[in-house]
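Residue strings, one per chain:
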Amino acid sequence: MARRITVAAAQMGGIQRDESRARVVERMLELLRGAHRRGATLVVFPELALTTFFPRYNLDDPAEIDRWFEKEVPSVETKPLFDEARRLGVGFHLGYAELTPEGRHFNTAILVEPSGEIVGKYRKIHLPGHAEYDASRVAQHLEKKYFEVGDLGFNVFGAYGGVFGMMICNDRRWPEAWRVLGLQGVEMVLLGYNTPSVNTSGAGFEDPYLRTYHSNLAVQAGAYQNSCWAVAVAKAGDEDGYGLIGSSCIVNPQGEIVAKANTWDDELVVADCDLDMTVFGKETVFKFSAHRRPEHYGLIVERTGAEVPPDIRKEAAE
Ligand code: ING
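All values reported here derive from a predicted model rather than from experimental measurement.

Rules used in this analysis
- Residues numbered from 1 in each chain as written.
- Predicted model: local features only at pLDDT ≥ 70, side-chain atom pairs only at ≥ 80, totals over all residues.
- Heavy atoms only, no water.
- Near = heavy atom within 4 Å.
- Polar contact = N/O pair within 3.5 Å; in protein donor to acceptor, adjacent residues only side chain to side chain.
- Areas by Shrake-Rupley, 256 points an atom, 1.4 Å probe, with all protein chains shown as cover.
- Nonpolar A, V, L, I, M, F, W, Y, C, P; charged D, E, K, R; others polar.
- Salt bridge = Lys/Arg side-chain N within 4 Å of Asp/Glu carboxyl O.
- Helix = DSSP H or I, 4+ residues; strand = E, 2+ residues; numbered from the N terminus.
- Buried < 20%, exposed > 50% of the residue type's maximum accessible area, 1.4 Å probe, protein only.

All right, on to the site of the ligand then. Looking at the ligand, there are 13 residues lining it, with E143, C169, N170, R173 and T195 nearest. Within the contact set of the ligand, an oxygen atom lies 3.1 Å away from a side-chain nitrogen or oxygen of R172. With respect to the ligand, the side chain of R173 contributes an N or O atom lying 2.8 Å from an oxygen atom. Alone, the ligand offers 360 Å² of accessible surface; in the complex the protein occludes 83% of this. Across the shell around the ligand, the residue classes break down as three nonpolar, four polar and six charged.

Summed over all chains, the structure comprises 27 salt bridges. Note that R23 and E26 form a salt bridge whose closest N and O atoms lie 3.2 Å from each other. One end of the pair, R23, and the other, E26, are both in helix α1 (residues 21-37), three residues apart, so they sit about a helical turn from each other. Note that D83 and R86 form a salt bridge whose closest N and O atoms lie 3.2 Å from each other. With D83 and R86 both in helix α3 (residues 79-88) and three residues apart, this pair spans about one turn of that helix. The partly exposed category is assigned to R86, whose relative accessible area is 42%. Residues participating in the shared-partner salt-bridge network are E98, R104, K121, R123, E148 and D151.

Rendered as structure tokens:
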């Protein structure tokens, strides 16, 4: 028996700083309708899908910062997306900047069933970049300034007849995020990302090719090592003169990319995903109960930064 689900990664091209949410939602509706025409019942939109990647700017006025956040979802601007998805019988994943009623700021993603019910919420835990303006950078990456560390943890949600998990962007680079979901039996991980196409830190040269290579590598490793599907979706393209990589892709539980984007524009990437394909890996190579040895993994939880044992001398041999 195959628990098959047709999934569409709805990659989005650049969103300009002055582009309205209404215009962005129109683009998302086009992608939603296209995905429905191709038989998808789940459409995965990127991280921060409603606006430009605003952490590239240094903003200090709270009102200027908060205008990039959603006070409620669905809202007047996003209700058309919820309405059309329900009309078409399609569910979706949406990444957005969340401003809670208590005034807290998170980089958030939700999972919405075809009924329109929000069945899962995740708040980004691994916030990359820096918290203070850095004049040496070609572009800022102020996620640590604008967002709090997510407070919901890495959880799985029952949806589409399977076990679903979410993470956001930088999370995909940390195997711990995947493994916490894997230890809950996750069968499909949904993640959006906004990944600059060049290293903006000025810390040194990095071949731009590596930005895409590392994104794919992290997602393929996470899917393989936890025997789960992964749907990784970019906000790509040019935003205000700054590049974001594409390479949205759907990865199977063997770690193979089964479908990927060819452009940095609005583009659908569709695949039929059999959730039962996760069983082989979970019952053999990655049967965690038979093979893992947590008694030897203590440092992973006890220690944050790397520490070289004092008796190890890092000197070149004479
Ligand atoms: N963006 C990037 C990401 O993790 C980054 C930041 C890029 C970190 C490349 C390290 C290397 O894909 C977000 N929004 O997390």
